Amino acid sequence: MLATTAAARSLLRASRFTTPATTVAVRSFASIEPYSDYGKSVFTGRVADEYLKKHGSSGDILKDPSWTASHSDTVAKAVLDWAVDRGANTYCHWFQPMASSGVRHGQTGQVQNMMMAFNRTTNDIEFDFDGKNLTKGETDGSSYPNGGLRATHTAGGYLAIDTSSPIFLRGDTIFIPSAFVSYYGAALDEKTPLLRSNAALSKHGKRLLAHLGLDIGDQDVISNIGLEQEFFLVPRDQYYRRPDLQMAGRTIIGKDAPRGQEMCDHYMAPPSLSSPALACMQEIQDECWRLGIPLKTRHREVAPNQYEFAPLFGLNTVQVDQNLMVMQIIEEVAVRHGLAALMQEKPFNDVNGSGKHNNWSIGTEDGIMLLHPAKVNKATGNDTAFAVIMSAIIAAVNEHGDLMRMAIASPGNDFRLGACEAPPAIVSTYLGEDITFYLSHFKDGKGEGEYIPKLKTLDLGTHEVLPFEVPAEDRNRTSPFPYGGARFEFRAVGSSQNVSMVNTVLNTIVAEKFAEFSDRVDAGEDIHDIARETLNEHWKVVFNGNNYDEEMQQELTDRGLWRIDSGVEAIATLTAEKNTALFQKMKVLTKEECESRQQILHDHYWGTVDIEAKCLVDMLNQHIIPSVKAAGVGPLSDLEAAVGTLKTAIAEIHAAEDSYKAAQLARVLRLETMIDIRAVCDAAEEVVPANLWTLATYKELMFLDQHTASTPETEPFFDE
């Protein structure tokens, strides 16, 4: 991977001075050697095995989490050797505080400690890192959101290594992925509930597989995910001219530029060498690959200056950890290229916002994919295994669509859902006509046997392009939860989110249905009868049409599907009796943990709006009103009145009786009052001369290709 355009040019120049004979010898086969350093900064696989063997062990011990009790000192010695060889001398337990999206850099917490100490007798420097340092830690938990889970005078926060996610190294520091809990074991983080939901999914997934004919022994049923990360890159000098982008991550005001995305000219267009965006993305990928993050895909997205990265899929805990690091790296590398990265869901009005499609699948540790019909049917020896598993998932989506909506209720998503850029806040699932036909016949008892996906041949009628096969099903990008062949894609997730809660919910609701099916089989019922009954009861949630169509949205609403337009109200469903009972039954969250998270999420919502509203007050007083006065044109009295309106609304939020009420007031302020004030501000921008308007405009922010240029190379591309 070439981190910069300069690197690409250097490689090209070097190739020109290679003799033909040498060229044949060196380039007869592609060589991976230039990329041999990729993955060396992760303590797993061959890297871990090499260092553990130096201490009389091997990488195999890391496969069993019990190494933390039996071999922690051995692993610590190997980790220390690896870290020092890679230039590191510091370690930290790396954890995920709640309610971090959009406000906390990197969305993680850490206390960095040097792996050295002075000998108290000789004052010589010596290494200080053992198994205890590696496997657990303690910190002051008083300043993290806790929702009442701990009192001020019981401030201990305890950290324990998550053995499912590998230790990695960046700069002079090794990062130890960790769970973060209170003195009494209550989850203070995003990771702990996800780990618990993995246990529930494995336990009940194994039970269901056994009933379908497959005993996987000591293996786990696991959840793999792949996360498509969207974001914007804007010129950093213009970013500094927008207090709202700096403080809140989105533009609170701003007149549309003459050009947006209406010409469909940005999506997957070639990255331009006239801007620093491509070199920035190359460097991001290079750094990620060195950290063992397989950031495979990059491309332009729909809106101007919008881009996407996508990795190869992997275990959910690892993918969540890596995605958090990807977002941090994107923000940090952008600075080095004179850019600012915007991770928020809706940084600009009237163009697409950003999401993070969560591709979710389940399988066994040895690779049997439970959502792949041929593989799961063959492994179980049961032609209807796929149908049974799908019936459980369909029921989970229909019954717990409120929790799925809750999981995506980030502040920025209120601007995206249903706006023809993300699915609406109505939870349904798309299966495609082929699977729908099969499951419909299965549930009605009209057909037996295995589901075999059909293929379709496209013949373009040309000699040069031969006929080729495509899946029988088209994509449905309007569905919140479409089946995509061996996986479901949760398309409504927000770009800035830590997706731990999203996957905790998916795991838990499916685990409950797997448990329900298994319990009924244990009680003597036939598993096929259970699946048919379940499909008939929950069939209404299957919808293969256009979710953007308002008539279709009304039809889905009339069906009785979960529709919660307000993110604030969606958050409030977390403590509904059925949901706290679900989480407790699956041993994922206690009732108290559900209550605390609901409070924290509501606090995060109104806190985000509070920042935005205060930014708008400052922008009115310090920029917009002075510009209008200087120009002698524009709605001055309306702008001055808006300042008072905002200050009154902010005071009402702060005086609210609880977090829920504060969030409700904040939503009205944000989606009604502030939108009306925005219209006044944008009207002022339209008439104030450009030389008097002090805020960066959409035209200056959104068009890198037209407004920036890459730094000239010191050497010409073409050699003389």
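Analysis parameters
Residues numbered from 1 in each chain as written. Predicted model: local features only at pLDDT ≥ 70, side-chain atom pairs only at ≥ 80, totals over all residues. Heavy atoms only, no water. Helix = DSSP H or I, 4+ residues; strand = E, 2+ residues; numbered from the N terminus. Rg over C-alpha atoms; globule rule 2.2 N^0.38 Å. Buried < 20%, exposed > 50% of the residue type's maximum accessible area, 1.4 Å probe, protein only. Areas by Shrake-Rupley, 256 points an atom, 1.4 Å probe, with all protein chains shown as cover. Lys, Arg positive; Asp, Glu negative; His and termini not counted. Charge placed at Lys NZ, Arg CZ, Asp CG, Glu CD. Pairing = 2+ DSSP bridges. Phe/Tyr/Trp six-rings, centres within 6.5 Å; stacked < 30°, edge-to-face > 60°. Lys NZ or Arg CZ within 6 Å of the ring centre and 35° of its normal. Arc of directions from axis to C-beta. Contact = heavy atoms within 4.5 Å. Core = buried A, V, L, I, M, F, W, Y, C linked by side-chain atoms within 4.5 Å. 1 Å grid on protein atoms, 1.4 Å probe; cavity = no way out; pocket = protein on both sides within 12 Å on 5 of 7 lines; lining within 4 Å. Points joined across faces, edges and corners; volume = space filled by probe spheres on them. Nonpolar A, V, L, I, M, F, W, Y, C, P; charged D, E, K, R; others polar. Salt bridge = Lys/Arg side-chain N within 4 Å of Asp/Glu carboxyl O. Expected span 1.5 Å × (residues − 1). Patch = residues over 30% accessible without salt bridge, like charges linked within 9 Å, V, L, I, M, F, W, Y side chains within 5 Å. Axes fitted to C-alpha atoms, helices over the stretch in contact; angles between N-to-C directions. Parallel < 35°, antiparallel > 145°, perpendicular 65-115°, else oblique. Left-handed = near helix turned anticlockwise from the far one by under 90°. Polar contact = N/O pair within 3.5 Å; in protein donor to acceptor, adjacent residues only side chain to side chain.

Caption draft 1: Summary view of the overall build of the protein. For the protein, the count of helices and strands is 25 helices and 17 strands. Against the globule reference of 27 Å for 720 residues, the protein gives a C-alpha radius of gyration of 27 Å, in line with a compact fold. Expressed as a percentage of the 720 residues in the protein, the buried residues total 54%. Split by element, the accessible area of the protein, about 31,200 Å² in all, is 53% carbon and sulfur. The centroid of the 66 positive side-chain charges in the protein is displaced by 2 Å from the centroid of its 97 negative side-chain charges.

Caption draft 2: Representation of the pairing of strand E11 (residues 306–311) in the model. Buried residues dominate E11, accounting for five of its six residues. In this sheet, E11 lies alongside strand E9 (residues 221–235) in antiparallel orientation, the contact comprising four bridges. Looking across to E11, one finds that Phe231 is bridged to Tyr307. Looking at chain direction, strand E10 (residues 295–300) and E11 are connected through five bridges and run antiparallel. Each bridged residue has a counterpart across the sheet, and for His299 the counterpart in E11 is Glu308.

Caption draft 3: Geometry of the packing of aromatic side chains. Tallied over the full model, the rule gives 23 aromatic pairs. Look at Trp94 and Phe175: their rings are 6.3 Å apart centre to centre, the planes differ by 80°, and that puts the pair in the edge-to-face class. You can see Trp94 sitting in strand E1 (residues 90–94) and its partner Phe175 sitting in strand E8 (residues 173–182), a full 81 residues away along the chain. By relative accessible area, which is 2% here, Trp94 ends up buried. Above the face of the Phe442 ring, Arg532 is positioned so that its terminal group lies 4.7 Å from the ring centre. Here Arg670 stacks its cationic end above the ring of Tyr605, 5.7 Å away from the centre of that ring.

Caption draft 4: Structural view of helix H3 (residues 45–53). Residues Val47, Ala48, Tyr51 and Leu52 constitute the buried set of H3. One side of H3 holds all its buried residues, which, seen down the axis, span an arc of 120°. Turned more than 90 degrees away from the buried face of H3 sit Arg46 and Lys53, all of them exposed. Here the buried face of H3 lies against helix H5 (72–85).

Caption draft 5: Here's a closer look at the nonpolar core. Counting 80 residues, the largest nonpolar core has Trp360 and Leu439 as its most contacted members. Counting residues in hydrophobic clusters, the runner-up holds 33 residues, among them Val609, Val643, Ala663 and Leu695.

Caption draft 6: Representation of empty space enclosed by the protein. Under the defined criterion, the tally for this structure stands at five cavities of 30 Å³ or more. Considering only enclosed or pocket space, the largest cavity measures out at about 280 Å³ in volume. Lining the largest cavity are 20 residues, with Ala99, Glu190, Gln497, Asn498 and Leu601 sitting closest to its centre. Put simply, the parts of the chain that give the lining of the largest cavity at least two residues each are helix H14 (401–407) and helix H21 (591–631). In terms of residues, the lining of the largest cavity owes the most to one element, H21, which gives five residues. Grouping the amino acids of the lining of the largest cavity by side-chain chemistry returns eleven nonpolar, seven polar and two charged.

Caption draft 7: Focus on unusual backbone geometry. In the Ramachandran plot, Cys264 falls in the positive-phi region, its phi being about 55° despite a non-glycine side chain. Summarising the element assignment, Cys264 is placed in the loop between helix H9 (243–248) and helix H10 (277–290). Of the residues examined, Cys264 reaches a relative accessible area of 68% and is grouped as exposed.

Caption draft 8: Looking closely at the pattern of salt bridges. A full pass over the atoms with the stated rule returns 36 salt bridges. Where Glu700 meets Arg241, a salt bridge forms, and the shortest distance between an N and an O atom there is 3.3 Å. Of this pair, Glu700 sits in helix H24 (residues 698–701) while Arg241 sits in the loop between helix H8 (236–239) and H9, placing them 459 residues apart in sequence. For Glu700, a relative accessible area of 24% corresponds to the partly exposed category. With a shortest N-O distance of 3.2 Å, Arg563 and Asp565 are connected by a salt bridge.

Caption draft 9: Fine view of helix H16 (residues 500–522). The end-to-end C-alpha separation of H16 is 32 Å, in line with the 33 Å expected for 23 residues at 1.5 Å each. Of all the 23 residues making up H16, 20 are buried; the element is thus mostly covered by neighbouring parts of the structure. Phi turns positive, to about 110°, at Gly524, one or two residues after H16.

Caption draft 10: Geometry of a nonpolar patch on the surface. Together, Val103, Met247 and Ile611 make up a nonpolar patch on the protein surface, roughly 270 Å² of accessible area in all. Along the chain, Val103 turns up in the loop between E1 and strand E2 (113–114).

Caption draft 11: Structural context of the environment of Asp618. Structurally, Asp618 is set in helix H21. Spatially, the C-alpha atoms of Asp618 and Val643 are 8.9 Å apart, while their sequence positions differ by 25 residues.

Caption draft 12: Local environment of the side chain of Ser72. Structurally, the position occupied by Ser72 is in helix H5. If near-sequence neighbours (up to four positions away) are discounted, Ser72 is found in contact with Trp67, Gly131, Leu134 and Thr135.

Caption draft 13: Inspection of the packing of H10 against helix H11 (residues 316–336) at higher detail. Between H10 and H11, the least distance of the axes is 9 Å, while the angle of their chain directions is 135°. When the axis of H10 is compared with that of H11, the two are oblique. Pair H10 / H11 crosses with right-handed handedness. Contact with H10, carried on its side by Cys280, Glu283, Ile284, Glu287 and Cys288, involves Val326, Ile329, Ile330, Val333, Ala334 and Arg336 of H11 and no other residues of that element. Of the residues belonging to the contact of H10 with H11, the class tally is eight nonpolar, no polar and three charged.

Caption draft 14: Region of interest: the side chain of Asn544. Mapped onto the fold, Asn544 is located in the loop between helix H17 (527–538) and helix H18 (550–559). Within the local environment of Asn544, its side chain forms a polar contact with the backbone nitrogen of Leu431, the two atoms lying 3.1 Å apart. Among the polar contacts made by the side chain of Asn544, one reaches the side chain of Glu433 at a distance of 3.3 Å. Residue contacts for Asn544: discarding those within four places in its chain leaves Tyr430, Leu431, Gly432, Glu433, Thr436 and Asn476.

Caption draft 15: Spatial organisation of the layout of surface pockets. Of the voids in this model, the second largest pocket is the one considered here, and its volume is about 1,000 Å³. Surrounding the second largest pocket, 37 residues form its lining, Lys63, Pro65, Thr163, Ser164 and Leu315 being those nearest its centre. Looking at the lining of the second largest pocket, the elements that each hand over two or more residues are H3, helix H4 (67–70), strand E6 (156–161), helix H7 (191–212), E9 and H11. For the lining of the second largest pocket, the element with the highest residue contribution is H7, accounting for five residues. Per-class residue counts for the lining of the second largest pocket are 17 nonpolar, 13 polar and seven charged.

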